[in-house]
Amino acid sequence: MPTGAGVCPENVEALLRDALQNDRFTLAYQPQVDLQTGQLDGAEVLLRWLPPTGAPVLPPAFIPTAEATGLIHPIGEWVLRTACGQTHRWNANNRPFRLAVNLSPRQFSRAEEIVLAALRETGLDPGRLELEITEQSVAEDLPAAAGVLRRLNALGVRLALDDFGTGYSSLQYLARLPVHTLKIDRSFVAGMIRTAKARIIVENIIRLAHGLSMRVVAEGVETPGQRDLLRRQGCDLAQGFLYSRPLAGKKLRMLLTRPEPCVQTAG
């Protein structure tokens, strides 16, 4: 399967090494919006690779190679350091803004070291950073994972469980991990208009999270109907094409400079 225009799969490792040395990565930001007020609450950081020729390449095409070769470590450190530095500058006007950064399972064992270095280098308030983890990151050794997350929590960093409901033993993770946010997988959001089962699943995820004093982010919100149903169910935040496609840093900064940084929707 091709990895992107002008990129041959067998050359991916060499090209990723070149990208690290020659600044061929960039970040995009997908807004996360308060469902009740429409105001911008934060954004998820999304990595883009800019190969020598062709269009930007999305993570699914190159992250498996990065993880297999160990390049995920310097790439992940670059993402965290760059995103924290940008967010620190955007927060200079004291506007509350939260940054959500995905943490690869391969990075998990060194998470505390990586995060602490990025915070010290950039000066970002730890409370502005939310690390998104998947069940895969914690499944192999739950006690060890809980220890890592408790140490991150002690730094003041927030923690989110991504793609909730698509893995296994999720309730066990909620009982043992210091998680602040649940992210509802887009597959449930897409189905809740069509089927009662999906609506019931989403409603109960929201109720469960609120019972545990967690916030809820719905991913993949693309229609006014989905937005309205999530709002009625009490979901806290939403992200998806209804609000915005991923934005370049300059465009996101423009939103943050508005007196009331609301994100307009299609309906």
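This text follows the structure it describes.
What you are looking at is a predicted structure, and each value in this text was computed from that prediction instead of being measured. (Residues numbered from 1 in each chain as written. Predicted model: local features only at pLDDT ≥ 70, side-chain atom pairs only at ≥ 80, totals over all residues. Heavy atoms only, no water.)

Draft legend 1. Representation of the pairing of strand β1 (residues 25–34) within the structure. Within β1, eight of the 10 residues are buried, which leaves the element mostly enclosed by the surrounding structure. Inspection of the sheet shows β1 paired to strand β2 (residues 40–49) by nine bridges, in the antiparallel sense. Opposite Gln 32, over in β2, you have Gly 42 as the bridge partner. Counted between consecutive antiparallel strands, the loop separating β1 from β2 contains five residues, among which Gly 38 sits at a positive phi close to 80°. Strand direction decides the pairing type here: β1 and strand β9 (residues 247–248), joined by two bridges, are antiparallel. Looking at β9, one finds that Ala 28 is bridged to Ala 248. Relative to strand β8 (residues 237–238), β1 runs antiparallel, the two sharing two bridges. Of the residues in β8, the one forming a bridge with Asp 34 is Leu 237. (Buried < 20%, exposed > 50% of the residue type's maximum accessible area, 1.4 Å probe, protein only. Helix = DSSP H or I, 4+ residues; strand = E, 2+ residues; numbered from the N terminus. Pairing = 2+ DSSP bridges.)

Draft legend 2. Quick look at unusual backbone geometry. If you check the backbone angles, Asp 23 has positive phi at about 60° while not being a glycine. With respect to the secondary-structure elements, Asp 23 resides in the loop between α1 (12–21) and β1. Phi at Asp 163 is positive, roughly 55°, even though this residue is not glycine. Structurally, Asp 163 is set in strand β5 (residues 158–164). By relative accessible area, Asp 163 is classed as partly exposed at 26%.

Draft legend 3. Just the packing of helix α3 (residues 72–90) against helix α4 (residues 111–122), in detail. Axis separation between α3 and α4 bottoms out at 9 Å; the angle between their running directions is 35°. Between α3 and α4 lies a crossing whose hand is right-handed. Within the contact between the two elements, α3 uses Glu 77, Leu 80, Arg 81, Cys 84, Gly 85 and His 88 and α4 uses Ile 114, Val 115, Ala 118, Glu 121 and Thr 122. (Axes fitted to C-alpha atoms, helices over the stretch in contact; angles between N-to-C directions. Left-handed = near helix turned anticlockwise from the far one by under 90°. Contact = heavy atoms within 4.5 Å.)

Draft legend 4. Main features of the pairing of strand β4 (residues 129–133). A large share of β4 lies buried, amounting to five of its five residues. Of the two faces of β4, both are covered, the one formed by Leu 129, Leu 131 and Ile 133 as well as the one formed by Glu 130 and Glu 132. Relative to β4, strand β3 (residues 98–102) runs parallel, the two being bridged by four bridges. The partner of Asn 102 across the bridge, within β4, is Glu 132. Once you follow β3 into α4 and on to β4, the crossover reads as right-handed. Note that β4 and β5 share four bridges and pair parallel. (Right-handed = clockwise from strand over helix to strand, strands pointing away.)

Draft legend 5. Here's a closer look at helix α10 (residues 224–233). Within α10, the full set of buried residues consists of Gln 226, Arg 227, Leu 229, Leu 230 and Gln 233. Looking at the buried positions of α10, the neighbouring elements they touch are α8 (186–191), α9 (196–211) and β7 (215–218). Looking one or two places after α10, you find Gly 234, whose phi comes out positive at around 90°.

Draft legend 6. Spotlight on the packing of aromatic side chains. A complete count under the given rule lists three aromatic pairs for this structure. Considering the side-chain rings of Trp 49 and Phe 62, the 5.5 Å spacing of their centres and the 75° angle between planes classify their relative orientation as edge-to-face. With a gap of 13 residues between them, Trp 49 in strand β2 and Phe 62 in the loop between β2 and α2 (63–69) connect regions that are remote in the sequence. An aromatic cluster is built from Phe 25, Trp 49, Phe 62 and Trp 78, whose rings are joined through pairwise contacts. One residue, Arg 245, lies across the ring of Phe 241, its end atom 4.0 Å from the ring centre. (Phe/Tyr/Trp six-rings, centres within 6.5 Å; stacked < 30°, edge-to-face > 60°. Lys NZ or Arg CZ within 6 Å of the ring centre and 35° of its normal.)

Draft legend 7. Main features of the pattern of salt bridges. Within the structure shown, the criterion is met by 16 salt bridges. Close ionic contact of Arg 98 with Asp 41 constitutes a salt bridge, the shortest N to O distance being 2.7 Å. Highlighted residues: Arg 98 in strand β3 and Asp 41 in strand β2, separated in sequence by 57 residues. For the pair Arg 98 and Asp 41, one class covers both residues: buried. Linking Lys 183 and Glu 132 is a salt bridge whose minimum nitrogen-to-oxygen distance equals 2.9 Å. Linking Lys 183 in strand β6 (residues 181–184) with Glu 132 in strand β4, this pair joins segments that are 51 residues apart in sequence. (Salt bridge = Lys/Arg side-chain N within 4 Å of Asp/Glu carboxyl O.)

Any functional reading would require information beyond the geometric quantities listed.
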